[in-house]
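Each chain, letter by letter, is given below.
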Amino acid sequence: MNKIEQDPNSKTAVRQRLEWKSRILQLLASGGPFAGLVLTVLLFAWLTRAEGTFLTEFNLRTIAVQSVIVGLSALGMTLVVIAGGIDLSVGSQVALVTVVTGLMGRDGGYSMPVCILAGLGVGTLCGFLNGLTIDRLGLLPFIVTLGALQVYRGGAKLLAKNTAVYFPTELKPKWLSEVMAIESGPGLQEFANGLPTPFRRILTAVPPAVWLLLFVAFVVWILLRKTIWGRYVVAIGSNEATARLCGLRVGLIKISVYTLCGLLTAMAGVMQFAEMNGTGDPVVASGLELEVIAAVVIGGGSLAGGEGAVLGTLVGALVMRVLKSGCVHAGIPNASQDILIGLIIVTAVAVDKFRSRLASRGTGA
Amino acid sequence: MTSELQPPVMQLILRDITKRYGATTALSGLDLDINGGECLAIVGENGAGKSTLLKIISGQIRPDEGELQFCGEEFKPGGPREALRKGVAIVHQELCLAPHLSVEANIMLGREPNRFGWRSGRQCRLMARSILAELDYADLDLNQSVSSLSPGVRQIVEIARALASNARVLLLDEPTSSLTEADTERLFQVIDRLKSRGLAIVFISHALDEVDRVADKIAVFRDGQLVRVADKKNWDRNSMIAAMVGRSIEDLYPQRIKHSPHETQESYDLGEVLFESHAVAGRKLPKKVSFQVAKGRIFGIAGLIGSGRTEMARVIMGLDPQTVGEMKVSGRVIHIRERTRNRIQMGLGLLSEDRAGEGLAVNRTIEENMLYPTYARSARFGFISGAKSRQRAENWVQKIGVKCQSARQAVRYLSGGNQQKVALARLFEQNGDVMILDEPTRGVDVGAKVEIYRMIRQKADEGRAVVVISSYLPELMGLCDDLAVMNAGQLSNARPVEKWTVEEIMGLATSGHSGEVLEINHE
């Protein structure tokens, strides 16, 4: 027995070596978006070396906070994209969520937590309706959510009567303005002071919203990689016919994916609400869906379905924000910014495709 | 070298061709002559290097070593377009036609005679018609869209397209894998015509019967090497198989049940029936199907493609709607609108005929594809145990001999036979009482076929009821215990296999199919 195990050319040994090779390639593949992030950061650090405002702690915290809204929604979009779908209505959902949350306070006089729950509920419902329509009518997700984009945006405008909805100041808790704050606010400081130093350091190292994003990302990662549900989501995106053949509840799983995307987007909406210091704005976040889809795709998601990564999506969201922030700091005019960002998105995905093809050639038989 | 290159007829000469992919050698030191007016059949197991050879000849890949000469000149195509321009055309296994365009548009695609960039419709039609006439398909409607054609006719359109670009060497990569016997025979007539016009045909097939029928010379490949090439008369079935697998296969098919002599043609004792279908129909097909499959027996369903065999399997699984009729599994009635999921739990399982399109999620791992319907068995509260799942998959990999790096490898990197084993492992892991196998050996090499037959028989011996659907009649005759014939959505009465003759089966399968002439070339 021992002799076989020690033989470096035994079948198991060879198999294990090959597996290591494919693991390393996998690591490289998942590291792709990271390389892009580092590259973009370095590029803008170099472009703005004269100003010296880009690579400051304050600016990095700003970028992190700003990526929360895109990031939360992009986590939901990652699930949708992996399942082979798309949701174009997330920007409108965010607006609708801010409006409903604001209205619950202004017109209903409910406390903040209740209003937030209502907002989350509305967003979840939006996602559920998207999923239900796609499944029951058998329409393309692109078409259904393109319609939903209009419907939810219109609904937000209708509810808000076309103006901003201001949450009553007396109902605003202290923490609302601190959630999306770049520097930790007094409330958080007070809370953190009660903790031992190492915990305090960690807690205040990044803004609270970023902690939320990381926590949610972890939960989504668990769902996707460790549960049967996650396996089935990938299966449906990879080959829906196979999923049906294997007796998976394709319709139900799809609806659950869109519903979850709605919930995560609603969380992004609540963050948007907090960032605007308690304002419901029916025209906010228009075009957000494109930024969200870009984040997913830069992170390795494939619009053909079956592929996508939680970590990659987070990195993708960061890349998008770094690009915007970097352009501002480098003094690049708005119009050129748009062109640059567009080009970089396409380049990033092209490079990623090339890289994954190399990786698959390495592991291919 | 050059002195021997004075071809009396058109000739494509390959000398010392070697192609490597990383550490694996796909082809090594190959010498082969392909002559005009001849049909060269290339046979061998999957991975033997047949497809690599076709890719080299058609300019898709370049050899690492060796040279090609075509009509006395060096032949080094930079790509498929250049090879085509020089007269070498390939017809792929997966047909490459534009389904929305008409027959004529497909034939002339990229070769349109034009004037100042304007397509000359009249000339296109004339050319397309004359090419089809040469192939004895003059009656084909040029304006028909390709999507409405049968696979056999599509193949003809593809060949016509190759002829439109003046191909002199025609490479056919498993052209018959999705054709019915009638279409196959018609294709062979076309090949004979092309040969008589001086074209060189290279024909890859897994079906040795077809090779016997159509080839002048047969080349057998194994492990990237040419084992032997010789005129057909110098080969027999056993020597071919022995050359392909490197050993002799005594018997392709496993031993089947012996029937007692008192069984008559129309009624015989089946034993315990595990699956029953009473007048089951789908929306269009099948029309009304009744049959019974008993424990321990393999029930074969013969019939042409499009006769409703696959549709029947899909209706049974609940993948397509059932309109009338009643089905029972192990005595339990299946509700007419029961979901696929519940049918699987009741003990039904299907191996899909469309391996890449439906049977497997090819980008996902072996483990996932094997365990999709049964993940719950290695999970707790919906959370998958990675180690347990992997163990289950690795067990199957060992048990049925899937050649792979690990169970975490994506299915698309496996050969056809190994992919089919993954799909079978899923079915076996479901372990239902009734297993329906739709074309279980399509695109699978001889060695893997034998293993698959053995596994199917073993499942029957373990007490399952097995239904095998196949277009390949010798396979059904060799493997099954009982057999029925599907035609136009209706299933004939079943009989034990030995009570059927090939002529009877083909007669039933093709009756009412006007225009489809059939010749039977079986022993």
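About the criteria used
Residues numbered from 1 in each chain as written. Chains lettered and ligands numbered in written order. Predicted model: local features only at pLDDT ≥ 70, side-chain atom pairs only at ≥ 80, totals over all residues. Heavy atoms only, no water. Helix = DSSP H or I, 4+ residues; strand = E, 2+ residues; numbered from the N terminus. Rg over C-alpha atoms; globule rule 2.2 N^0.38 Å. Contact = heavy atoms within 4.5 Å. Areas by Shrake-Rupley, 256 points an atom, 1.4 Å probe, with all protein chains shown as cover. Buried < 20%, exposed > 50% of the residue type's maximum accessible area, 1.4 Å probe, protein only. Pairing = 2+ DSSP bridges. pLDDT = per-residue confidence, 0-100. Core = buried A, V, L, I, M, F, W, Y, C linked by side-chain atoms within 4.5 Å. Axes fitted to C-alpha atoms, helices over the stretch in contact; angles between N-to-C directions. Domains from an automatic or database assignment. Buried area = accessible area lost by both parts, 1.4 Å probe. Salt bridge = Lys/Arg side-chain N within 4 Å of Asp/Glu carboxyl O. Polar contact = N/O pair within 3.5 Å; in protein donor to acceptor, adjacent residues only side chain to side chain. Nonpolar A, V, L, I, M, F, W, Y, C, P; charged D, E, K, R; others polar. Parallel < 35°, antiparallel > 145°, perpendicular 65-115°, else oblique. Left-handed = near helix turned anticlockwise from the far one by under 90°. Phe/Tyr/Trp six-rings, centres within 6.5 Å; stacked < 30°, edge-to-face > 60°. Lys NZ or Arg CZ within 6 Å of the ring centre and 35° of its normal. Disulfide = S-S within 2.5 Å.

Engineer: What's the story with the overall build of chain B in this structure? I'm lost.
Structural biologist: Across its full length, chain B carries 17 helices and 25 strands. Relative to the globule expectation of 24 Å for 523 residues, the C-alpha radius of gyration of chain B, 25 Å, shows essentially globular dimensions. When its C-alpha atoms are laid out on the principal axes, chain B stretches across 75 × 50 × 50 Å. Across chain B, the fraction of contacts at a sequence separation of at least 24, relative to all contacts at a separation of at least 6, is 66%. For chain B, the exposed area adds up to about 22,400 Å²; of that, 47% sits on carbon and sulfur atoms.

Engineer: What is the right way to look at the overall build of chain A in this model?
Structural biologist: Along the backbone of chain A there are 16 helices and 2 strands. Burial statistics for chain A: of 365 residues in total, 50% are counted as buried. Taking the intrachain contacts of chain A between residues at least 6 apart in sequence as the baseline, contacts between residues at least 24 apart amount to 77%.

Engineer: I'm lost on the pairing of strand 18 (residues 348–351) of chain B in this one. Help?
Structural biologist: Both faces of the sheet carry side chains from a regular strand, because those side chains alternate between them. All names here are of chain B. The two faces of strand 18 match: Leu 348 and Leu 350 on one face and Gly 349 and Leu 351 on the other face are all buried. Both strand 18 and strand 21 (residues 434–438) contribute to a ladder of 4 bridges, which runs parallel. Its bridge partner lying in strand 21, Leu 351 is registered against Leu 437.

Engineer: Explanation requested: the confidence of the model for chain A in the structure shown.
Structural biologist: The predicted coordinates should not be examined in detail at positions where pLDDT is low. Of the residues in chain A, 88% reach a pLDDT of 70 or more, and the chain-wide mean stands at 87. The low-confidence segment residues 1–7 of chain A (pLDDT under 50) makes 2 contacts with residues lying over four places distant or belonging to another chain.

Engineer: I tried to follow the side chain of Glu 429 of chain B on my own but got confused; where do I start?
Structural biologist: Inspection of the secondary structure assignment puts Glu 429 of chain B in helix 14 (residues 416–430). Ignoring anything within four residues of it in the chain, the contact list for Glu 429 of chain B reads Met 370, Leu 371, Thr 374, Arg 377, Arg 392 and Trp 396 of chain B.

Engineer: What should I look at first to understand the nonpolar core in this one?
Structural biologist: Across soluble globular proteins, nonpolar side chains show a tendency to be buried alongside one another. Leu 75 and Met 180 of chain A together with Met 370 and Val 468 of chain B are the most contacted members of the largest nonpolar core, which has 134 residues in total. Those residues in contact with Val 468 of chain B, other than ones at most four positions away along the chain, are Ile 298, Phe 299, Gly 300, Ile 301, Leu 437, Pro 440, Ile 456, Leu 476, Leu 479 and Cys 480 of chain B. Within the second largest apolar cluster, 53 residues are counted, among which are Ala 41, Ala 164, Val 220 and Val 446 of chain B.

Engineer: In this structure, what is going on with the sheet that holds strand 17 (residues 332–334) of chain B? I would like to understand it.
Structural biologist: All names here are of chain B. With antiparallel pairing, 4 strands are arranged side by side in an open sheet as 14-13-16-17. In this open sheet, the two strands that pair with only one neighbour each are strand 14 (289–294) and strand 17. Each adjacent strand pair in this sheet contributes to an overall mean axis angle of 15 degrees, direction not counted. Bridge count for strand 13 (residues 273–282) against strand 16 (residues 322–329) is 6 bridges, and the pairing is antiparallel. Among the inter-strand pairings, Gly 282 is bridged to a residue of strand 16, identified as Gln 322. Together, strand 13, strand 14 and strand 16 form the strand contacts of helix 9 (residues 309–317), whose direction differs from that of strand 13 by roughly 110 degrees.

Engineer: Is there a simple way to explain the pairing of strand 6 (residues 88–91) of chain B in this structure?
Structural biologist: Residue and element names in this part refer to chain B. Alternating positions in strand 6 separate into two faces, Val 88 and Ile 90 on one and Ala 89 and Val 91 on the other, with burial throughout. In terms of strand pairing, strand 6 meets strand 9 (residues 169–173) through 4 bridges, oriented parallel. Bridge pairing in strand 9 links Ala 89 to Leu 170.

Engineer: Any chance you could explain the domain arrangement of chain B here in plain terms?
Structural biologist: Many authors give the size of an interface as the accessible area that is lost as the parts come together. The assigned domain composition of chain B is domain 1 (2–245), domain 2 (251–258 + 268–347 + 433–523) and domain 3 (358–431). Of note, the centres of domain 1 of chain B and domain 3 of chain B, computed from C-alpha atoms alone, are 36 Å apart.

Engineer: What is the right way to look at the interface of chain A and chain B in this model?
Structural biologist: Contacts between the two partners involve 27 residues from chain A and, on the opposite side, 35 residues from chain B. Taking both sides of the interface into account, the surface hidden between chain A and chain B amounts to around 2,700 Å²; carbon and sulfur atoms contribute 54%. Where chain A meets chain B, there are 1 salt bridge. A salt bridge links Arg 231 of chain A to Glu 367 of chain B, with the nearest nitrogen and oxygen atoms 3.3 Å apart. Taken together, the connections running from chain A to chain B amount to 11 residue pairs in polar contact (both at pLDDT 80 or more). Put simply, the parts of the chain that give the side of chain A that touches chain B at least two residues each are helix 2 (11–47), helix 10 (208–226), helix 11 (228–238), helix 12 (240–245) and helix 16 (334–363) of chain A. Broken down by element, the residue count for the side of chain A that touches chain B peaks at 6 residues, all from helix 11 of chain A. Among the residues making up the side of chain A that touches chain B, the classes are represented as 11 nonpolar, 9 polar and 7 charged.

Engineer: Sorry, what's going on with the packing of helix 5 (residues 151–164) of chain B against helix 6 (residues 181–196) of chain B here?
Structural biologist: The description of two packed helices rests on the angle between their axes and on the distance between the axes. All names here are of chain B. The interhelical angle for the contact between helix 5 and helix 6, taken along N-to-C directions, is 20 degrees, at an axis separation of 9 Å. With respect to helix 6, the axis of helix 5 lies roughly parallel. The chirality of how helix 5 crosses helix 6 is right-handed. Counted together, Gly 152, Gln 155, Ile 156, Ile 159 and Leu 163 of helix 5 and Asp 183, Leu 187, Val 190 and Leu 194 of helix 6 form the full contact between these two elements.

Engineer: What is the right way to read the packing of aromatic side chains from this model?
Structural biologist: Here a ring pair, both rings aromatic, is described through the centre-centre distance and the interplanar angle of the planes. Counting across every chain of the model gives 11 aromatic pairs over all chains. A ring pair is formed by Phe 44 of chain A and Phe 54 of chain A, whose centres lie 6.1 Å apart and whose planes are at 50 degrees; its orientation type is tilted. Of the two residues, Phe 44 of chain A sits in helix 2 while Phe 54 of chain A sits in the loop between helix 2 and helix 3 (57–82), which places them 10 residues apart along the sequence. On the accessibility criterion, Phe 44 of chain A (0% relative accessible area) is buried. Here Phe 54 of chain A falls in the buried class, since its relative accessible area comes to 1%. Geometrically, the ring pair formed by Trp 396 of chain B and Phe 428 of chain B is tilted, given 6.1 Å between the ring centres and 45 degrees between the ring planes. One end of the pair, Trp 396 of chain B, is in helix 13 (residues 386–400); the other, Phe 428 of chain B, is in helix 14, with 32 residues separating them in the sequence. By the burial criterion, Trp 396 of chain B is buried, and Phe 428 of chain B matches it. Pairwise contacts between aromatic rings join Tyr 232 of chain A together with Tyr 372 and Tyr 375 of chain B into one cluster. In this structure, Arg 49 of chain A packs its charged tip against the face of Trp 46 of chain A, placed 4.6 Å from the ring centre. The ring of Trp 396 of chain B carries Lys 399 of chain B above its face, with NZ or CZ at 4.6 Å from the centroid.

Engineer: I would appreciate a short explanation of the state of the cysteines in the present structure.
Structural biologist: In protein structure, a disulfide is the covalent linkage between the sulfur atoms of two cysteines. The full count for this structure, using the stated rule, is 0 disulfides over all chains. Left unpaired, Cys 404 of chain B is separated from the closest cysteine sulfur, that of Cys 246 of chain A, by 18 Å.

Engineer: What is the right way to look at the pattern of salt bridges in this model?
Structural biologist: One side chain can pair with another of opposite charge once the charged atoms of both are near each other. Residues and elements named next belong to chain B. Taken as a whole and assessed by the stated rule, the structure comprises 36 salt bridges over all chains. The salt bridge partner of Arg 392 is Glu 429, with a shortest N-O separation of 2.7 Å. Taken together, the positions of Arg 392 in helix 13 and Glu 429 in helix 14 put the pair 37 residues apart, joining distant regions of the chain. Judged on exposure class, the residue Arg 392 and its partner Glu 429 are both buried. A network of salt bridges, in which partner residues are shared, links Glu 185, Asp 192, Lys 195, Arg 213 and Asp 216.

Engineer: Honestly, the side chain of Glu 358 of chain B in this entry has me stumped. Any pointers?
Structural biologist: For Glu 358 of chain B, the position within the fold is in helix 11 (residues 355–359). Here Glu 358 of chain B falls in the buried class, since its relative accessible area comes to 9%. Within the structure, Glu 358 of chain B has its side chain in polar contact with the side chain of Arg 314 of chain B (distance 2.7 Å). Those residues within four positions of Glu 358 of chain B in sequence are excluded, and the remaining contacts are Asn 239, Ala 241, Thr 242 and Leu 245 of chain A together with Arg 314, Leu 319 and Ser 352 of chain B.

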